[in-house]
Amino acid sequence: MCLEVRKTCKCGRNNAQFHLRDNILSQEVISELYCPKCSDQVTLDPATMLVDNGWVIEYDMDLARFMTVSKLMLDVETIQPGYLFDSGYACWLEMYPGEKQDILDERAEILELQKTDPRRYLQEISSWNIARIHRLKADGWRKAQDA
């Protein structure tokens, strides 16, 4: 089972859902979130922060190291913001914040084909999904790079 966490950004205009893989970490590990609108007001600290396409996630690295070292027996030097995110221990629930709604909006037209032309629907939905992943990679979303 995995814990899902919701966090509002520092300016209060946006929020994101996080995935905490295998419940290794607690929600307190994500100490602050900055959306693209408020991230320009923060001084980036690579030792505690990860930047993903204008969003900044600030981690409580002392807590993260304590929890991962004690539960996973990892070397303390391994535990960095990029490791937490890329390994899924504290990352976006989706590929990026708001992806679920974007998918619903983008697929609405294609879903209409399911009723009228099922064969074309299968072709369109498949090519749409492949093109979407390529677009997310080109846009620089960190989770999309491994998709």
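Draft legend 1. Expanded view of the overall build of the protein chain. Secondary structure assignment for the protein chain yields 4 helices and 6 strands. Reading the protein chain from its N end, one meets helices and strands in the order β-β-β-β-β-α-α-β-α-α. Counting only C-alpha atoms and orienting by the principal axes, one finds that the protein chain spans roughly 55 × 35 × 25 Å. With 147 residues in all, the protein chain has 39% of them scored as buried.

Draft legend 2. Up close: the sheet that holds strand 4 (residues 49-52). The strand order 3-5-4 describes an open sheet built from 3 strands, whose pairing is antiparallel. Two strands bound the open sheet, and with one partner strand each, they are strand 3 (30-34) and strand 4. Between one strand and the next, the sheet's axes are offset by a mean angle of 15°, whatever the strand orientation. Looking at chain direction, strand 4 and strand 5 (residues 55-59) are connected through 4 bridges and run antiparallel. Bridged to V51 within strand 5 is V56.

Draft legend 3. Representation of helix 4 (residues 118-139) within the structure. Between its first and last C-alpha, helix 4 extends 31 Å over 22 residues, near the 32 Å set by a 1.5 Å rise per residue. Of the residues making up helix 4, those classed as buried are Y121, I125, W128, R132, I133 and L136. Summarising the axial view, the buried residues of helix 4 lie within an arc of 130°, below the 170-degree limit, and thus occupy one face. Summarising the geometry of helix 4, the exposed residues directed more than 90 degrees from the buried face are R119, Q123, H134 and A138. Where helix 4 ends, the next residue or the one after it, G140, has phi of about 95°, a positive value.

Draft legend 4. Local environment of the pattern of salt bridges. On inspection of all chains with the given rule, the structure shows 7 salt bridges. As a salt-bridge pair, R142 and D86 come within 2.7 Å of each other at their nearest N and O atoms. Of this pair, R142 sits in the segment after helix 4 while D86 sits in helix 2 (residues 81-86); the two residues are 56 residues apart in sequence, bridging distant segments of the chain. The closest approach of N and O atoms between K115 and E112, which form a salt bridge, is 3.7 Å. In this pair, K115 and E112 are both assigned in helix 3 (residues 99-116), 3 residues apart and thus about one turn of the helix distant. Take K115: its relative accessible area is 66%, and that puts it in the exposed class.

Draft legend 5. Focus on the pairing of strand 5. Along strand 5, 5 of the 5 residues are buried, which leaves the element largely enclosed by surrounding structure. Side chains W55, I57 and Y59 of strand 5 all project onto a buried face; the interleaved residues V56 and E58 project onto the opposite face, where all are buried too. Of the pairings in the sheet, the one linking strand 3 to strand 5 comprises 4 bridges and is antiparallel in character. Residue pairing for strand 5: I30 is matched across the bridge by Y59. Between the end of strand 4 and the start of strand 5, which pair antiparallel, lie 2 residues, with N53 showing a positive phi angle near 55°.

Reading guide: rules and limits
- Residues numbered from 1 in each chain as written.
- Predicted model: local features only at pLDDT ≥ 70, side-chain atom pairs only at ≥ 80, totals over all residues.
- Heavy atoms only, no water.
- Helix = DSSP H or I, 4+ residues; strand = E, 2+ residues; numbered from the N terminus.
- Buried < 20%, exposed > 50% of the residue type's maximum accessible area, 1.4 Å probe, protein only.
- Pairing = 2+ DSSP bridges.
- Axes fitted to C-alpha atoms, helices over the stretch in contact; angles between N-to-C directions.
- Expected span 1.5 Å × (residues − 1).
- Arc of directions from axis to C-beta.
- Salt bridge = Lys/Arg side-chain N within 4 Å of Asp/Glu carboxyl O.

Limitation: the analysis is restricted to geometry and does not speak to function.
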